[in-house]
Amino acid sequence: MFSTSILTPDSGDFSSHLLKSKQAVISSDHTQGLCQDLVIPMTNFLLEDKGLMVLAGDVFDVPIRKDIIHRVVRWQLAKRQQGTHSTKTISEVSGTGRKPYPQKGTGRARHGTLRGPQFRGGATMHGPKPRSHAFKLNKKVRRLGLKIALSARAAEGKLLVFDDLEMPTHKTKNVVNWYNQMNECKKLLLVDGGPIEENLKRATQNLHYVNVLPSVGLNVYSILLHDTLVMSRDAVDRVVERMHTPINR
């Protein structure tokens, strides 16, 4: 089963005082990295209580491995590098192909062209040419890196789950007011399940400290660039489903 569970006051599976807490409901003796399911409260932009959500332990509570994070980030940055650097070879540099002076009799060193790399304005030998810097990284490693990034944010208490990311209006001040109520938050990443709602997109496009992504675009590097991660319930379900989908070989 890849779906996450939602607990509401009507289900009778927990006491109502849990809904009053805005922090993750994790026992004090919980040890990170044991792949245990996590229970965190759901809310929205109005800070209303929307029940509790059970996060899959094999996605949000895996052991933290910095070496895997390092490999995935290097893979992402190398893949997006433009690689448009280029230098001119001896056949591309501007200049004549005439022999500058006779081979013998002048007492000078012999040269056949003035476009060689030893001359000013000449060619560059073994210089860079346009190429792709991307390299292969196994899908298992890439998937594990995303799980580790999500687990790290959950362990830090920097993972918030919203019932939805719907905004009543497109006014930026609504997002700013909600952001100012958050503690120790510098950069914020909002992740929705499907296409980004128009009101949310317009309300956040002028804020350099708030970015929005669909769940299909969630990646390790974006999570590390933002200290707080906010995911909608639909986004959590889609990410867990993606992590549990068998890898095609």
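All values derive from a computational prediction rather than experimental measurement.

Turning our attention to the overall build of the protein. Along its length, the protein carries seven helices and seven strands. The order of helices and strands in the protein, counted from the N terminus, is β-β-β-α-α-α-β-α-β-α-β-α-β-α. Counting all 249 residues of the protein, 38% fall into the buried class. When contacts within the protein are restricted to residue pairs at least 6 apart in sequence, those whose partners lie at least 24 apart make up 69%. Looking at the protein as shown, the accessible area adds up to about 15000 Å², and 51% of this sits on carbon and sulfur atoms.

All right, on to the environment of lysine 129 then. As for its placement among the helices and strands, lysine 129 is situated in the loop between α2 (66–80) and α3 (139–156). Owing to a relative accessible area of 31%, lysine 129 belongs among the partly exposed residues under this scheme. Spatially, the C-alpha atoms of lysine 129 and histidine 85 are 5.9 Å apart, while their sequence positions differ by 44 residues. Leaving out residues up to four positions away in the same chain, lysine 129 has contacts with His85, Ser86, Thr87, Thr89 and Glu92.

What the rule picks out here adds up to four aromatic pairs. Relative to tryptophan 178, the ring of phenylalanine 45 lies with its centre 5.1 Å away and its plane at 80°, an arrangement referred to as edge-to-face. Taken together, the residues span a long stretch of sequence, with phenylalanine 45 in the loop between β2 (38–43) and β3 (52–55) and tryptophan 178 in helix α4 (residues 172–180) at a distance of 133 residues. Using a relative accessible area of 12% as the deciding quantity, one classes phenylalanine 45 as buried. Note on tryptophan 178: relative accessible area 4%, which makes it buried. A network of ring pairs unites the aromatic residues Phe45, Phe162 and Trp178 as a single cluster.

Given 3.6 residues to a turn, an α-helix orients residues that are three or four positions apart in the same direction. Inspection of α4 places Val175, Trp178 and Tyr179 among the buried residues, and these make up the whole buried set. Down the axis of α4, the smallest arc covering the buried residues is 100°, so these residues share one side. Residues of α4 that are exposed and angled more than 90 degrees away from the buried face: Lys173 and Asn180. For α4, the elements touching its buried residues are β4 (159–162), β5 (188–192), α5 (198–204) and β7 (228–232).

Moving on: the side chain of threonine 228. Locating threonine 228 in the fold gives a position in strand β7. Its relative accessible area of 4% is what places threonine 228 among the buried residues. Here aspartate 227 takes part through its side chain, which lies 2.9 Å from a polar atom of the side chain of threonine 228. Once residues lying within four places of it in the same chain are set aside, the contact partners of threonine 228 are Lys158, Leu160, Met182, Cys185, Lys187, Leu188 and Leu189.

Moving on, we come to the pattern of salt bridges. Oppositely charged side chains are able to pair whenever their charged atoms sit close together. Applying the stated rule across the entire model yields six salt bridges. As a salt-bridge pair, lysine 50 and glutamate 48 come within 3.7 Å of each other at their nearest N and O atoms. Relative accessible area serves as the criterion here: at 33%, lysine 50 is assigned to the partly exposed category.

Turning next to the layout of surface pockets. One simple way to see leftover space: roll a probe sized like a water molecule over the atoms. For the second largest pocket, the calculated volume is near 450 Å³. Around the second largest pocket, the lining is made up of 19 residues, and of these Arg142, Arg143, Leu146, Arg242 and Met243 lie nearest the centre. Within the residue set of the lining of the second largest pocket, elements represented by two or more residues are α2, α3 and α7 (233–244). Taken together, the residues of the lining of the second largest pocket break down into nine nonpolar, five polar and five charged.

Here we take up the nonpolar core. Taken as a class, soluble globular proteins show a tendency for nonpolar side chains to be buried jointly. If you look at the biggest cluster of nonpolar residues, it comprises 35 residues, and the most contacted ones within it are Leu55, Phe60, Leu150, Leu218, Leu229, Met231 and Val236. Considering each element in turn, this core owes the most residues, six residues, to α3. Listed in part, the 18 residues of the second largest apolar core include Met167, Trp178, Leu188 and Val230.

Quick look at unusual backbone geometry now. Although it is not a glycine, cysteine 35 adopts a positive phi angle of roughly 60°. Assignment of secondary structure puts cysteine 35 in the loop between β1 (5–7) and β2. Phi angles above zero are rare outside glycine, and histidine 126 is one such case at about 60°.

Along its twelve residues, α7 runs 17 Å from first to last C-alpha, staying within 8% of the 16 Å computed at 1.5 Å per residue. Every buried residue of α7 is listed here: Ala235, Val236, Val239, Val240 and Met243. In an axial view of α7, the angular spread of the buried residues amounts to 130°, which keeps them on one side of the axis. Buried residues along α7 sit in contact with β3, α1 (57–60), α3, β4, β5 and β7.

The rules we used
- Residues numbered from 1 in each chain as written.
- Predicted model: local features only at pLDDT ≥ 70, side-chain atom pairs only at ≥ 80, totals over all residues.
- Heavy atoms only, no water.
- Helix = DSSP H or I, 4+ residues; strand = E, 2+ residues; numbered from the N terminus.
- Buried < 20%, exposed > 50% of the residue type's maximum accessible area, 1.4 Å probe, protein only.
- Contact = heavy atoms within 4.5 Å.
- Areas by Shrake-Rupley, 256 points an atom, 1.4 Å probe, with all protein chains shown as cover.
- Phe/Tyr/Trp six-rings, centres within 6.5 Å; stacked < 30°, edge-to-face > 60°.
- Arc of directions from axis to C-beta.
- Polar contact = N/O pair within 3.5 Å; in protein donor to acceptor, adjacent residues only side chain to side chain.
- Salt bridge = Lys/Arg side-chain N within 4 Å of Asp/Glu carboxyl O.
- 1 Å grid on protein atoms, 1.4 Å probe; cavity = no way out; pocket = protein on both sides within 12 Å on 5 of 7 lines; lining within 4 Å.
- Points joined across faces, edges and corners; volume = space filled by probe spheres on them.
- Nonpolar A, V, L, I, M, F, W, Y, C, P; charged D, E, K, R; others polar.
- Core = buried A, V, L, I, M, F, W, Y, C linked by side-chain atoms within 4.5 Å.
- Expected span 1.5 Å × (residues − 1).

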